[in-house]
Amino acid sequence: MGNPVGFLKYTRELPAKRPVSERLKDYREFVMPYADQKLNQQAGRCMNCGVPFCHNGCPLGNLIPEFNDAVYQQRWRQAYELLSATNNFPEFTGRICPAPCESACVLGINQPAIAIEEIEKHIIEFAFANGYVQPQIPTIRSGQQVAVIGSGPAGLAAAAQLNYAGHVVTVFEKSDAPGGLLRYGIPDFKLEKWVVDRRIKLLEEEGVVFMCNVEVGRDVDILEIFNTYDAVIFAGGAAVPRDLAVPGRMLKGVHFAMDYLTQQNKRIAGNHFNEADILASNKNVVVIGGGDTGSDCVGTANRQGAAHVTQFELMSMPPTSRTPQMPWPVYPMILKTTSSHEEGAERHWAIATKAFIGNEDGELIALRVVDLVWKSTDNGKPTQYEEIAGSEREIPCDLALLAMGFISPDRKGIIDTLELKLDERGNVWTSDVSYQTSVPGLFTAGDMRRGQSLVVWAINEGRECAQKVDAYLAEKIKQTVTDFKMSKNGIT
Ligand SMILES: Cc1cc2nc3c(=O)[nH]c(=O)nc-3n(C[C@H](O)[C@H](O)[C@H](O)COP(=O)(O)OP(=O)(O)OC[C@H]3O[C@@H](n4cnc5c(N)ncnc54)[C@H](O)[C@@H]3O)c2cc1C
Ligand code: SF4
């Protein structure tokens with residue numbers, strides 16, 4: 001434990017952000033680094049708990065007290081080695097993870113939690129800046145070929161781990177560049193794309209091959225992939241968005257959030273897209289859906305110069321702090337005010353959209369909405385809602401963005417062709433912890449398996465899936481050797 005009284009002397013402090021008026025002029029990251037002394041104080045707050053619940057809260061099992069101590073002692077190489085032992089991409093999680101580790105931090109019982117996520121980001125950026133992060137090229141190759149379909153964080157983590165294990169890995173990606181939602185989904189102001197490019201370059205130097213603009217199941221037959229590779233991982237995400245089937249849905253000006261966000265990523269990257277521009281400039285924007293995707297739309301719309309941004313959520317406003325139903329260390333479902341909300345948005349809870357209203361040219365001009373009242377069970381769980389009589393009204397709107405979550409993976413292509421078994425939520429089924437689908441030799445991980453989730457879970461799934469694939473390949477090699485010996489000895 002670095003500083004035994006750190007948590008008594010210092011409170012949690014996050015790094016400064018660029019002022020709203022300034023950061024709205026661009027799409028650059030706006031969280032500044034800590035000054036050296038501040039970082040030292042923040043790392044020194046860690047109590048090195050006997051039972052570090054932070055470690056348990058992190059899906060990757062990151063060695064948090066150990067790296068906090070190493071940062072406090074300024075043993076940077078050790079901090080980097082500890083961090084990278086469990087996390088392939090701390091530069092992503094250090095920027096965009098909702099940090100379940102911090103919700104589980106023991107200090108959080110009666111004080112603000114340790115700023116773990118920021119410390120993680122500082123370690124990895126220090127490591128890159130000081131040349132600690134070097135390609136790790138395996139010295140021996142197994143001769144086994146693995147295809148990874150999908151280059152989101154799950155596919156990338158699986159590819160990295162299998163490459164370290166000595167297998168030859170090819171990643172197929174239907175978009176024009178690798179990264180999945182890290183590249184085309186999450187806004188640049190949360191994660192600038194040079195951060196993704198830097199990691200992809202490193203993976204390439206380590207031996208991973210990327211084949212972009214290739215949709216397996218359309219451009220290449222999945223059966224051809226099976227014939228060429230010894231194992232296949234399908235980490236294709238869960239991209240089918242939830243729709244809002246109310247009158248006027250087809251009016252000009254009603255779009256899925258992902259179409260809007262992806263376009264802006266492409267615009268910033270200078271990449272071409274065929275669809276007509278969806279822009280919020282000078283418009284009354286309503287984002288339907290109160291979650292993180294919705295918040296990303298708010299931040300993007302404000303940067304595009306929207307006249308007014310409103311965000312709707314169907315559920316009631318959550319509590320502002322933990323309740324008896326969500327005690328420490330469970331992840332609390334409390335009111336979240338993101339940096340995008342700080343930049344300006346009118347937020348409404350317990351509101352439903354009943355219709356999109358258009359003009360004679362078929363353009364959206366307003367939403368018909370109604371307020372709701374929710375009924376809850378004794379433990380506070382909302383069960384059903386009723387509309388509040390007389391609350392129906394129209395809200396001016398010329399751009400509505402549907403950000404109501406994602407239903408499932410897209411079945412068209414591989415899932416339908418191979419008739420993959422799905423679970424009750426429509427995600428790709430795997431037998432318990434095997435990560436293997438109903439088709440032997442085909443594995444899956446990330447959102448495609450668990451439904452739309454988080455980057456940290458995708459990395460965790462990619463790593464675990466890689467372990468299963470490695471074991472599967474080892475078994476396959478063993479079987480080949482046994483068959484060879486038997487045939488040599490004339491045993492059939
Ligand atoms: C707008 C938005 C913001 C988010 N913000 C955050 C955040 O701040 N923090 C956080 O932790 N999580 C966030 N998430 C969730 C997070 O991005 C996902 O949980 C994570 O990216 C899932 O990783 P994945 O690898 O499973 O899938 P994805 O990232 O979806 O990647 C799947 C990839 O597979 C490719 N693919 C699919 N089918 C094929 C095929 N047949 N052939 C070739 N390629 C194929 C797709 O093109 C895609 O690139 C956000 C999600 C969205 C939508
Ligand atoms: S739970 Fe919090 S205080 Fe305890 S070891 Fe983890 S980060 Fe440090």
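That block above? That's the structure.
This section reports on the structure supplied with the text. (Residues numbered from 1 in each chain as written. Chains lettered and ligands numbered in written order. Predicted model: local features only at pLDDT ≥ 70, side-chain atom pairs only at ≥ 80, totals over all residues. Heavy atoms only, no water.)

We now examine the overall build of the protein chain. Per the secondary structure count, the protein chain includes 18 helices and 16 strands. Over its C-alpha atoms the protein chain spans a radius of gyration of 24 Å, differing by no more than 12% from the 23 Å that the globule rule assigns to 492 residues. With respect to the three principal axes, the spread of C-alpha positions in the protein chain is 85 × 60 × 50 Å. If you take every contact in the protein chain between residues at least 6 apart in sequence, the share linking residues at least 24 apart comes to 67%. When the accessible surface of the protein chain is totalled, it reaches about 22900 Å², and 53% of it is carbon and sulfur. Across the protein chain, 49 positive and 59 negative side-chain charges occur, with their mean positions spaced 4 Å apart. (Helix = DSSP H or I, 4+ residues; strand = E, 2+ residues; numbered from the N terminus. Rg over C-alpha atoms; globule rule 2.2 N^0.38 Å. Contact = heavy atoms within 4.5 Å. Areas by Shrake-Rupley, 256 points an atom, 1.4 Å probe, with all protein chains shown as cover. Lys, Arg positive; Asp, Glu negative; His and termini not counted. Charge placed at Lys NZ, Arg CZ, Asp CG, Glu CD.)

Turning our eyes to something else, we now look at the side chain of Ser 391. Residue placement: Ser 391 occurs in the loop between strand 12 (382–387) and strand 13 (393–396). Residue classification places Ser 391 among the buried positions, given a relative accessible area of 10%. Discounting residues that sit within four places of it in the chain, Ser 391 has contacts with Val 369, Val 370 and Asp 371. (Buried < 20%, exposed > 50% of the residue type's maximum accessible area, 1.4 Å probe, protein only.)

Let's shift gears to helix 10 (residues 153–164). With 12 residues, helix 10 should cover 16 Å at 1.5 Å per step; its first-to-last C-alpha distance of 16 Å lies within 8% of that length. Where burial is concerned, most of helix 10 is hidden: 10 out of the 12 residues are buried. For helix 10, every residue scored as buried is listed here: Pro 153, Ala 154, Gly 155, Leu 156, Ala 157, Ala 158, Ala 159, Ala 160, Leu 162 and Asn 163. Residues of helix 10 that are buried sit in contact with strand 1 (145–149), strand 2 (168–172), helix 11 (193–206), strand 3 (209–211), strand 4 (231–234) and helix 18 (455–488). At the exit of helix 10 stands Gly 166, carrying a positive phi of roughly 100°. (Expected span 1.5 Å × (residues − 1).)

This brings us to the site of ligand 1. In the neighbourhood of ligand 1, 37 residues make up the surrounding shell, with Ile 96, Glu 173, Lys 190, Asp 447 and Val 455 lying closest. Lys 174 places a main-chain nitrogen or oxygen 3.1 Å from a nitrogen atom of ligand 1. Asp 447 places a polar main-chain atom, nitrogen or oxygen, 2.8 Å from an oxygen atom of ligand 1. Coverage of ligand 1 by the protein chains reaches 93% of its 1000 Å² of free accessible surface. (Near = heavy atom within 4 Å. Polar contact = N/O pair within 3.5 Å; in protein donor to acceptor, adjacent residues only side chain to side chain.)

What follows deals with the site of ligand 2. In the vicinity of ligand 2 lie 14 residues, with Cys 46, Cys 49, Cys 54, Cys 105 and Val 106 positioned nearest. Of all the secondary structure elements, the ones that give two or more residues to the shell around ligand 2 are helix 4 (53–57) and helix 5 (64–72). Ranked by residues supplied to the shell around ligand 2, first place goes to helix 5 with 3 residues. Taken together, the residues that form the shell around ligand 2 break down as 12 nonpolar, 2 polar and no charged. (Nonpolar A, V, L, I, M, F, W, Y, C, P; charged D, E, K, R; others polar.)

The next subject is unusual backbone geometry. Pro 329 follows Trp 328 through a cis peptide bond whose omega is 5°. In this structure, Asn 213 takes a positive phi of about 60° despite not being glycine. Looking at the secondary structure, you find Asn 213 in the loop between strand 3 and helix 12 (222–228).

Another point: the nonpolar core. Ile 123, Leu 182, Ile 233 and Val 469 are the most contacted members of the largest nonpolar core, which has 71 residues in total. Broken down by element, the residue count for this core peaks at 8 residues, all from helix 18. In this structure Ile 233 touches Ala 147, Val 148, Ile 149, Ala 158, Leu 162, Phe 443, Thr 444, Cys 465 and Val 469, once residues within four positions along its chain are discounted. (Core = buried A, V, L, I, M, F, W, Y, C linked by side-chain atoms within 4.5 Å.)

Here we come to the packing of aromatic side chains. Applying the stated criterion across every chain yields a total of 8 aromatic pairs. Residues Phe 53 and Trp 328 carry aromatic rings whose centres are separated by 4.8 Å and whose planes lie at 50° to one another, so their mutual orientation is tilted. With Phe 53 in helix 4 and Trp 328 in the loop between strand 8 (308–313) and helix 15 (339–342), this pair connects stretches of sequence that are 275 residues apart. Note on Trp 328: relative accessible area 23%, which makes it partly exposed. When the centroid spacing of 6.0 Å and the interplanar angle of 90° are considered together, the rings of Phe 172 and Tyr 229 count as edge-to-face. Residue Phe 172 is located in strand 2, and its partner Tyr 229 is located in the loop between helix 12 and strand 4; the two are separated by 57 residues in the primary sequence. Residue classification places Phe 172 among the buried positions, given a relative accessible area of 4%. (Phe/Tyr/Trp six-rings, centres within 6.5 Å; stacked < 30°, edge-to-face > 60°.)

Where helix 10 contacts helix 18, the two axes come as close as 7 Å, and the packing angle between them is 40°. Considering the angle they form, helix 10 stands oblique to helix 18. Viewed along their axes, helix 10 and helix 18 form a crossing whose handedness is right-handed. Of the residues in helix 18, those touching helix 10 at Pro 153, Ala 154, Ala 157, Ala 158, Gln 161 and Leu 162 are Val 455, Ala 458, Ile 459, Gly 462, Arg 463, Ala 466, Val 469 and Asp 470. For the contact of helix 10 with helix 18, a count of residues per class yields 10 nonpolar, 2 polar and 2 charged. (Axes fitted to C-alpha atoms, helices over the stretch in contact; angles between N-to-C directions. Parallel < 35°, antiparallel > 145°, perpendicular 65-115°, else oblique. Left-handed = near helix turned anticlockwise from the far one by under 90°.)

Where strands meet in a sheet, backbone hydrogen bonds hold them as pairs that are either parallel or antiparallel. Spatially, 5 strands are ordered 3-2-1-4-16 in an open sheet, and the strand pairing comes out parallel. In this open sheet, the two edge strands, each paired with only one partner strand, are strand 3 and strand 16 (442–444). Direction aside, neighbouring strands of the sheet carry axes that sit 20° apart on average. Examined bridge by bridge, strand 1 and strand 4 share 4 bridges and lie parallel to one another. Bridge pairing links Ala 147 to Val 232 in strand 4. (Pairing = 2+ DSSP bridges.)

All we've got here are geometric facts, nothing functional implied.
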